[in-house]
Amino acid sequence: MARRRVAVTGLGLVSPFGGDREDFFARILAGESCIGHYVTDDLPRPLSLPAVQCAGFNAEAVLGKPLAGSMDRFCQLGVAAALDAWQHAGFDLADKSAKPDFGVAWGTALGGTLAYEQGYRELWQKGRERISPLSVILGMNNAASAHISIQLGLGNSSLTYTVACASATAALGEAYRRIRDGEATVMMAGGSDAPLAYGVVRAWEALRVVASGDEETSYRACRPFHSDRTGLVLGEGAAALVLEDWDHAVARGAPILAELAGYGASSDHSHLVRPEADGQIRALKMALEEAGLAPRDIGYINVHGTATREGDPAEISALRAVFGDHAEQLPVSATKSMHGHMMGAAGAIEALITVMALGQDALPPTAHLDAIDPACEGVRHIVGEALRGSRPRAALSNSFAFGGSNAVLAFRAAPKR
Amino acid sequence: MNQSTPKAEDLASLQAEVAGIIVSALNLEISPSEIEPDAPLYGEGLGLDSIDILEVALVVSKRYGFQLRADNEDNVKIFTSLRSLVNHIASHRAQ
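Residues numbered from 1 in each chain as written. Chains lettered and ligands numbered in written order. Predicted model: local features only at pLDDT ≥ 70, side-chain atom pairs only at ≥ 80, totals over all residues.

**Student:** Help me understand the overall build of chain A in this model?
**Tutor:** Within chain A, the secondary structure is distributed over 14 helices and 15 strands. By the compact-globule yardstick of 22 Å for 417 residues, chain A fits well, its C-alpha radius of gyration being 20 Å. By principal-axis analysis of the C-alpha atoms, chain A measures approximately 65 × 55 × 40 Å. In chain A, which comprises 417 residues, the proportion classed as buried is 59%. Sequence-distant contacts in chain A: of pairs separated by 6 or more residues, those separated by 24 or more amount to 80%. (Helix = DSSP H or I, 4+ residues; strand = E, 2+ residues; numbered from the N terminus. Rg over C-alpha atoms; globule rule 2.2 N^0.38 Å. Buried ≥ 20, exposed ≤ 12 C-beta atoms within 10 Å, placed from the backbone. Contact = placed C-beta atoms within 7 Å.)

Structural data, given as structure tokens:
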């Protein structure tokens, strides 16, 4: 059976800046950081580190009190982003009719970790004998996809992908395959995470890959490709894309924002946390091949670029291997420098940025990149401010996860309208 | 697959159809009859780039029921002009 084409017809998010998708994209283009300084009074040692929070997000206002109360924060963020994308795609939120060929694929790395931590505190810190009867449904990792499916009447598959930092990219890629192969007509795909649980933050700190900062410097703590980069910045957030069978989108007159044209997935099969260029190269080539794109067709890459010592040069070396002579002209940016690492939502927020950048006159920069590590040279880093005038027709979004899971999405601009 | 030599009038109507497909797939602001059959599609002629060619390849593949891969090495030849594309479709179409 012929492959179906997959259109992107809706974008949604919960922005840490507090505004809508246009506001988020404008601020990212301007190189603005939403990374703040995060302080708690947790014992035995309070947290004090750079982090991203969706501080303006009011779950009860968006979802209503009963629904919000039945969800962990990662789920609240995820459902809110999905509802936003649903409306953007021109679907009616009030329409709860059964849609047996519509589904959801969701990414989360940590799922309901806050709910579990709350349970542990009740048991071991406060000495309670019982914990909330909602603990299981709040904590389960597939809670977001389940709630999205219920809210929107999505009767096709409801699947959750937990692939560390590549979770949302895997969800998007697998959702794309379901539509491509004719198993679904519309897929709500994206990811959400709320990783700022005390134990989770301490665990990441113990791995020595988290950037440090104080009240004054935290906004520029995440410096991918910088010679003095110190690591990643944890953040909460959510983003969603509506993926749709191309002909279905055309038939209902939906605006086609871009085409999701290829997906590459590979495993390094070598080391749990040290990335290998070889595995990344295979995923990149697979995405290009499937999209029918040549390396020179790619006009922008939203790279994984987390600002770790090991990860950044490995990714650049993979890009140089795949793009050859074109690499030096290839505009590349690591937007995590501004929105931090949203873990299971990272691939979704970066896919959203990539789609918004396609065909536009401006590409987002890597913020704070005033001294490029020589080991990270060889591509055209977009530095300081937006790159004007390039109008990419095709772009990639990379996610390379701990565990060695690599996922790459290839997008093409919709034909000019 | 129909490999027999197509008649001239069939080719003429196919050419008009393919010109229409190119214009609608790429939302070009010209009418199909304005595409010169022998003018280059790439670059200076119609001004298409490799991404436009990919779009045309996808739509043509679907309409005529055969795989026209965007990374086919013969694409430079196939997409030389409207006429060369039409000849390729005529000899490879399944529907």
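**Student:** I'm lost on the interface of chain A and chain B in this one. Help?
**Tutor:** A common measure of how large an interface is: the accessible area buried when the components associate. In this complex, chain A contributes 11 residues to the contact, which on the side of chain B involves 13 residues. The class makeup of the residues in the side of chain A that touches chain B is 4 nonpolar, 1 polar and 6 charged. (Nonpolar A, V, L, I, M, F, W, Y, C, P; charged D, E, K, R; others polar.)

**Student:** What exactly am I supposed to notice about the nonpolar core here?
**Tutor:** Burial of nonpolar side chains together is a common tendency in soluble globular proteins. Of all hydrophobic cores here, the largest spans 164 residues; its most connected members are Met188, Leu241, Leu243, Leu352 and Ala410 of chain A. Leu243 of chain A has contacts with Val6, Val8, Ala175, Tyr176, Ile179, Met187, Ala189 and Leu260 of chain A, leaving out every residue within four places of it along the chain. (Core = buried A, V, L, I, M, F, W, Y, C linked by C-beta atoms within 7 Å.)

**Student:** Looking at this structure, I do not really get the sheet that holds strand β1 (residues 6–14) of chain A. What am I missing?
**Tutor:** Two modes of strand pairing occur in sheets, parallel and antiparallel, and in both the strands are linked by backbone hydrogen bonds. Residues and elements named next belong to chain A. A sheet is described by the order of its strands in space; here 11 strands give the open sequence β5-β4-β6-β7-β1-β8-β15-β14-β9-β10-β12, paired in mixed fashion. The open sheet terminates on both sides in strands that have one partner only, identified here as β5 (158–161) and β12 (380–381). Across 4 bridges, strand β4 (residues 102–107) lies against β5 in parallel orientation. Pairing of Val104 across the sheet is with Ser158, part of β5. Running at roughly 150° to strand β8 (residues 258–267), helix α11 (residues 277–291) makes contact with β8, β14 (394–400) and β15 (405–413) of the sheet. (Pairing = 2+ DSSP bridges. Axes fitted to C-alpha atoms, helices over the stretch in contact; angles between N-to-C directions.)

**Student:** Hey, could you run me through the confidence of the model for chain B in this one?
**Tutor:** Predicted coordinates in regions of low pLDDT should not be interpreted in detail. This prediction gives chain B a mean pLDDT of 86; 92% of its residues lie at or above 70. Confidence, read as mean pLDDT per element, is least for helix α3 (residues 75–78) of chain B in chain B (85) and greatest for helix α4 (residues 82–92) of chain B (93). (pLDDT = per-residue confidence, 0-100.)

**Student:** In this structure, what is going on with helix α8 (residues 167–180) of chain A? I would like to understand it.
**Tutor:** Since the α-helix packs 3.6 residues into each turn, any two residues three or four apart lie on the same face. Residues and elements named next belong to chain A. The terminal C-alpha atoms of α8, which comprises 14 residues, lie 20 Å apart, in line with the 20 Å expected from a rise of 1.5 Å per residue. When you tally the buried positions in α8, you get 13 out of 14 residues, the bulk of the element. Phi for Gly182, located one or two positions after α8, is positive at around 85°. (Expected span 1.5 Å × (residues − 1).)

**Student:** When you look at the packing of helix α1 (residues 8–26) of chain B against helix α2 (residues 50–64) of chain B in this model, what are you seeing that I'm missing?
**Tutor:** All names here are of chain B. At their nearest, the axes of α1 and α2 sit 10 Å apart, and the two run at 125° to each other. One finds that α1 runs oblique with respect to α2. The two elements α1 and α2 cross, and the hand of that crossing is right-handed. Facing α1, whose interface residues are Ile21, Ile22, Ala25 and Leu26, α2 presents Asp52, Glu55, Val56, Val59, Val60 and Arg63. (Parallel < 35°, antiparallel > 145°, perpendicular 65-115°, else oblique. Left-handed = near helix turned anticlockwise from the far one by under 90°.)

**Student:** For this particular structure, what's the right way to read the environment of Lys62 of chain B?
**Tutor:** Residues and elements named next belong to chain B. The topology assignment puts Lys62 in helix α2. The class of Lys62 is partly exposed, set by 17 C-beta atoms lying within 10 Å. In this structure, the C-alpha to C-alpha distance between Lys62 and Gln95, residues 33 residues apart in sequence, is 9.7 Å.

**Student:** Which parts of the structure should I look at to understand the pairing of strand β6 (residues 186–193) of chain A?
**Tutor:** Across a regular strand the side chains alternate sides, sitting on one face of the sheet and then on the other. Residues and elements named next belong to chain A. Of all the 8 residues making up β6, 8 are buried; the element is thus mostly covered by neighbouring parts of the structure. In β6, alternate side chains face the same way, and those of Val186, Met188, Gly190 and Ser192 on one face and Met187, Ala189, Gly191 and Asp193 on the other are all buried. Alignment of β4 against β6, held across 6 bridges, turns out to be parallel. Directly across from Ala105, in β6, lies its bridge partner Ala189.

**Student:** Explain α2 of chain B to me, please; I cannot follow it from the model alone.
**Tutor:** An ideal rise of 1.5 Å per residue puts 21 Å on 15 residues; α2 of chain B measures up with 21 Å between its terminal C-alpha atoms. Those residues of α2 of chain B that sit buried are Ile51, Asp52, Ile53, Leu54, Glu55, Val56, Ala57, Leu58 and Val60 of chain B. For α2 of chain B, the secondary structure elements touched by its buried residues are β14 and β15 of chain A together with α1, α3 and α4 of chain B. Positive phi appears at Gly65 of chain B, one or two residues downstream of α2 of chain B, with a value of about 70°.

**Student:** What exactly am I supposed to notice about the environment of Leu26 of chain B here?
**Tutor:** As for its position among the elements, Leu26 of chain B is in helix α1. Taking C-alpha positions, Leu26 of chain B is 17 Å from Pro37 of chain B, a pair spaced 11 residues apart along the chain. What Leu26 of chain B contacts, discounting residues up to four positions off in sequence, is Pro415 of chain A together with Asp52 and Glu55 of chain B.

**Student:** I would appreciate a short explanation of the packing of helix α4 (residues 73–88) of chain A against helix α7 (residues 143–152) of chain A in the present structure.
**Tutor:** In a pair of packed helices, the angle between the axes and the distance between the axes together describe the arrangement. Residues and elements named next belong to chain A. Two numbers describe how α4 lies on α7: the axes approach to 9 Å, and their chain directions differ by 40°. The pairing of α4 with α7 is recorded here as oblique in orientation. When you trace α4 past α7, the crossing you get is right-handed. In this structure, α4 contributes Phe74, Cys75, Gly78, Val79, Ala82, Leu83 and Trp86 to the contact, and α7 contributes Ala143, Ala144, His147, Ile148, Gln151 and Leu152. Residue composition of the contact of α4 with α7, grouped by class: 10 nonpolar, 3 polar and no charged.

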